[in-house]
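# Per-entry structural report
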Amino acid sequence: MVTPLADGVLLRLARAAPSVGLAALTGSGAVLVLSPHPDDETLGCGTAIAAAADAGVRVVVVVLTDGAGSHPGSTAYPPKRLAALRRAEVAEAVERLTRGTGRVLTLDHPDQGRLSAARRRVYCDRLVRLIDEEGVSALWTTWDGDPHVDHRRAARLAAEAAARRPAVTLWRFPVWGRFVQCGLRRGERLYSFQSGPYAKRKRDALAAHRSQMTGLIADDPDGFVMDAATQRHFLETREMFISNEAHV
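One structure accompanies this document, and this report is about it. In this convention, every chain numbers its residues from 1, walking through the sequence in written order. Reporting in this predicted model follows two pLDDT cut-offs: at least 70 for local features of residues, and 80 or more for side-chain atom pairs to be given and counted; totals over whole chains, interfaces and linings ignore these cut-offs and use all residues. Just so you know, side-chain values use all the structure's heavy atoms and leave hydrogens and water out.

## Focus: the overall build of the protein
Helix and strand assignments come from DSSP, with helices taken as H or I runs of at least 4 residues and strands as E runs of at least 2, each series counted from the N terminus. Looking only at helices and strands, the protein features nine helices and seven strands. Taking 248 residues into account, the globule formula puts the C-alpha radius of gyration at 18 Å, and the protein, at 17 Å, falls close to it. Dimensions of the protein, computed from C-alpha atoms along their principal axes, come out at roughly 50 × 40 × 35 Å. Partly exposed describes any residue whose relative accessible area lies between the buried limit of under 20% and the exposed limit of over 50%, with all areas from a 1.4 Å probe on protein chains only and scaled to the type maximum. Put simply, the protein has 248 residues, and 54% of those count as buried. Residue contacts are defined here by distance: any two heavy atoms, one from each residue, within 4.5 Å place the two residues in contact. Across the protein, contacts joining residues at least 24 apart in sequence account for 86% of those joining residues at least 6 apart. The globule rule is 2.2 Å times the number of residues to the power 0.38, and the radius of gyration it is compared with is taken over C-alpha atoms.

Spelled out as structure tokens, the structure:
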């Protein structure tokens, strides 16, 4: 894990990044969000999800992993119970962001587990089916410059699905990649999205992820809990989106 709140390259670039409008982010159809873990959808693009839902855009959130690796030493929350808790948390978070209009699906891949080529094809096929069934015009996922392996896997899966449906616009949002000394790759463009009136809704959605944001799981001192300063960063800093296309 990177050091939280380090002044990474993207955060420095974001100070001068142009704003992107909702219409450019969504296109004319539905939005499919591929989140590596339950909570990345809120951390990385929660206000954009809320704005899209309020504009009448259908939002479908697909979570790649079960999230059960966050507290490996807990006996009160062994993997099956923790996975069930995190499914409930992301469902609540998306309900709060979209006011009940969003849809959540989970692929339940093991948190940081090996992803074989065959399994990757299965997941990619499912994403493509969802794109077709839901009339998706934009696919949002994590940036492949993020240091977490599951975030990079989500980015690759989304890119493969978008390549099979060229009419879909691909957007990447940095989560932990905000804090690293890794800049944009050739051809990438960084945009910021203003939270507008949706900051409170994002705060309420993040609070739904109790297992990650509070001391709810008290019997694993080495388990992941996001500290208050890092939570404030994600709640108070503009969301960032990366594209390989010009949108302004």
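## Let's talk about the pattern of salt bridges
Think of a salt bridge as a Lys or Arg side-chain nitrogen and an Asp or Glu carboxyl oxygen that are within 4 Å of each other. Inspection of the entire model under this criterion finds 17 salt bridges. One salt bridge connects arginine 99 with aspartate 54, and the closest N-O pair in it is separated by 3.9 Å. Of this pair, arginine 99 sits in the loop between helix H4 (79-98) and strand S3 (103-109) while aspartate 54 sits in helix H3 (residues 40-54), placing them 45 residues apart in sequence. Residue class for aspartate 54 comes out partly exposed when judged on its relative accessible area of 38%.

## Remarks on the environment of alanine 51
Along the chain, alanine 51 falls in helix H3. Not counting residues up to four positions away in its chain, the partners in contact with alanine 51 are Leu22, Phe193 and Tyr198.

## Details of the packing of aromatic side chains
Classification of ring pairs rests on two measures: the distance between centres of Phe, Tyr or Trp rings, Trp counted by its six-membered ring, which must be within 6.5 Å, and the angle between planes, read as stacked under 30 degrees, edge-to-face over 60 and tilted in between. Evaluation of the coordinates by the stated rule reveals eight aromatic pairs. Seen from their ring centres, tryptophan 176 and phenylalanine 179 are 6.1 Å apart, and the 50° between their planes marks the pair as tilted. With respect to class, tryptophan 176 is no different from phenylalanine 179; both count as buried. Residue classification places phenylalanine 179 among the buried residues on the basis of a relative accessible area of 3%. Following the ring pairs from residue to residue traces out a cluster consisting of Trp140, Trp171, Phe173, Tyr191 and Phe241. Arginine 81 extends its terminal NZ or CZ atom over the ring of tyrosine 77, reaching a point 4.1 Å from the ring centre. Definition used: whenever NZ (Lys) or CZ (Arg) falls within 6 Å of the ring centre and also within 35 degrees of the ring normal, the charge is taken to sit over that ring.

## A look at the pairing of strand S5 (residues 169-173)
Here S5 lies mainly inside the structure; five of its five residues are buried. Burial along S5 is two-sided: the face carrying Thr169, Trp171 and Phe173 and the face carrying Leu170 and Arg172 are both buried. For the handedness criterion, the strands are oriented away from the viewer, and a crossover whose path from the first strand over the helix to the second runs clockwise is classed as right-handed. Tracing the backbone out of strand S4 (residues 136-142), into helix H6 (residues 149-164) and back to the parallel element S5 gives a crossover that is right-handed.

## A word on H3
To estimate how far a helix should reach, multiply one less than its number of residues by 1.5 Å. The end-to-end C-alpha separation of H3 is 20 Å, in line with the 21 Å expected for 15 residues at 1.5 Å each. At glycine 46, H3 shows its largest kink, close to 80°. With 14 of 15 residues buried, H3 is to be regarded as a mostly interior element. Positive backbone phi, at 85°, marks glycine 56, one or two positions downstream of H3. Bend at a residue means the angle formed by two fitted axes: the first through the 7 residues ending at that position, the second through the 7 residues beginning there.

## A word on the environment of valine 57
With respect to the helices and strands, valine 57 occurs in the loop between H3 and strand S2 (59-65). The spatial distance from the C-alpha of valine 57 to the C-alpha of valine 136 is 9.9 Å, given a sequence separation of 79 residues. The residues contacting valine 57, other than those within four sequence positions of it, are Thr26, Gly29, Ala30, Val31 and Ala52.

## Quick notes on the nonpolar core
In this structure, Leu25, Val33, Cys45, Ile49, Trp140 and Phe241 are the most contacted members of the largest nonpolar core, which totals 45 residues. No other element matches H3, which puts seven residues into this core. The residues contacting cysteine 45, other than those within four sequence positions of it, are Val33, Asp40, Trp140, Phe173, Glu239 and Phe241. Membership of the second largest hydrophobic core comes to 24 residues, among which are Val128, Ala161, Val168 and Leu170. To qualify as a nonpolar core, a set must consist of buried Ala, Val, Leu, Ile, Met, Phe, Trp, Tyr and Cys residues joined through side-chain atoms within 4.5 Å.

## A look at the side chain of threonine 142
Tracing the sequence through the fold places threonine 142 in strand S4. Since its relative accessible area comes to 0%, threonine 142 is described here as buried. A 3.5 Å cut-off defines polar contacts: any pair of N or O atoms within that distance qualifies, except that in protein one atom must be a possible hydrogen donor and the other a possible acceptor, and neighbouring residues in sequence count only when both atoms are side-chain atoms. There is a polar contact of 3.0 Å between the side chain of threonine 142 and the backbone oxygen of histidine 151. In this structure, threonine 142 is in contact with Leu34, Pro36, His151, Ala154, Ala155, Arg172, Phe173 and Val175, ignoring residues within four places of it in sequence.

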